[in-house]
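Each chain is listed here by its residues.
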Amino acid sequence: MTLRPILIHPDPRLKKRCAPVDSVSPEIGALAEDMLQTMYDAPGVGLAAPQIGVLQRLFVMDCVKEEGEAPQPMVLINPEVIWASEDTNTHEEGCLSIPDQYAEVTRPERVQMRWLGLDGKTHEDEFDGLWATCAQHELDHLNGKLFIDYLGVMKRQLITRRMEKLKRERARG
């Protein structure tokens, strides 16, 4: 397992639509393990493949936050929303590719998703609460969309300028 560097916005790879995963291979399994370790280390509750520079339709998530509760890592390959509730939920979102920036985003409160698991089988489940928000946020990454794309132009530009400054500071060491 390897911790992978997380891309910081703006990076053109974060705005690209990802290609489907052709088959569930040992390489995809190793990628998923690296992504889970990277996500937990960050720490975050979700991580999409493009955030580590891999333009494939795969994300990992684990929204268990209670101390002492067992982790529930999930790997979703070629995920798709097959149903979304009309009821919405507004949640303060952040992103490992946009560190220390948060904003309220409104999304469907519940979603049903279908995806391939590491076992090569098709899975379906309904998510609500933080799990629904996270799944939709990560799926957006696979389509080249960031949570700041839901914000007004001024707020989005402000956050982008902050990220450009952060990248310059990190580059200087």
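Visitor: What is the right way to read the pattern of salt bridges from this model?
Guide: Working definition: two side chains of opposite charge can pair if their charged atoms are close together. What the rule picks out here adds up to ten salt bridges. R114 is paired through a salt bridge with E80; the nearest N and O atoms lie 3.6 Å apart. Placement of R114 in strand β6 (residues 110-116) and of E80 in strand β3 (residues 74-84) is noted, with a sequence separation of 34 residues between them. Looking at E80, the relative accessible area reads 38%, which means it is partly exposed. In this structure, R107 engages D140 in a salt bridge whose closest nitrogen and oxygen atoms are separated by 2.9 Å. In this pair, R107 is assigned in strand β5 (residues 98-108) and D140 in helix α2 (residues 129-142), connecting sequence segments 33 residues apart. Of the two residues, R107 and D140, both sit in the buried class. Beyond isolated ion pairs, a larger network of salt bridges with shared partners links E80, R114 and E124.

Visitor: Mind showing me how you'd approach the packing of aromatic side chains here?
Guide: Aromatic rings in a pair are described by how distant their centres are and how their planes are angled relative to each other. This structure, assessed with the given rule, holds two aromatic pairs. Three or more aromatic residues joined by ring pairs form one cluster here, namely W115, F127 and W131. Against the face of Y150 rests K145, its NZ or CZ located 4.2 Å from the ring centre.

Visitor: I would appreciate a short explanation of helix α3 (residues 153-172) in the present structure.
Guide: Given 3.6 residues per turn, any residue in an α-helix points the same way as the ones three and four places further on. The end-to-end C-alpha distance of α3, which contains 20 residues, comes to 29 Å, matching closely the 28 Å that a straight helix rising 1.5 Å per residue would cover. Buried residues of α3: I159, T160, M163 and L166, and no others. Axial view of α3: buried residues confined to an arc of 120 degrees, hence all on one face. Of the exposed residues in α3, the ones pointing more than 90 degrees away from its buried face are M154 and R172. Where α3 is buried, its residues touch β5.

How each quantity is defined
- Residues numbered from 1 in each chain as written.
- Predicted model: local features only at pLDDT ≥ 70, side-chain atom pairs only at ≥ 80, totals over all residues.
- Heavy atoms only, no water.
- Salt bridge = Lys/Arg side-chain N within 4 Å of Asp/Glu carboxyl O.
- Helix = DSSP H or I, 4+ residues; strand = E, 2+ residues; numbered from the N terminus.
- Buried < 20%, exposed > 50% of the residue type's maximum accessible area, 1.4 Å probe, protein only.
- Phe/Tyr/Trp six-rings, centres within 6.5 Å; stacked < 30°, edge-to-face > 60°.
- Lys NZ or Arg CZ within 6 Å of the ring centre and 35° of its normal.
- Expected span 1.5 Å × (residues − 1).
- Arc of directions from axis to C-beta.
- Contact = heavy atoms within 4.5 Å.

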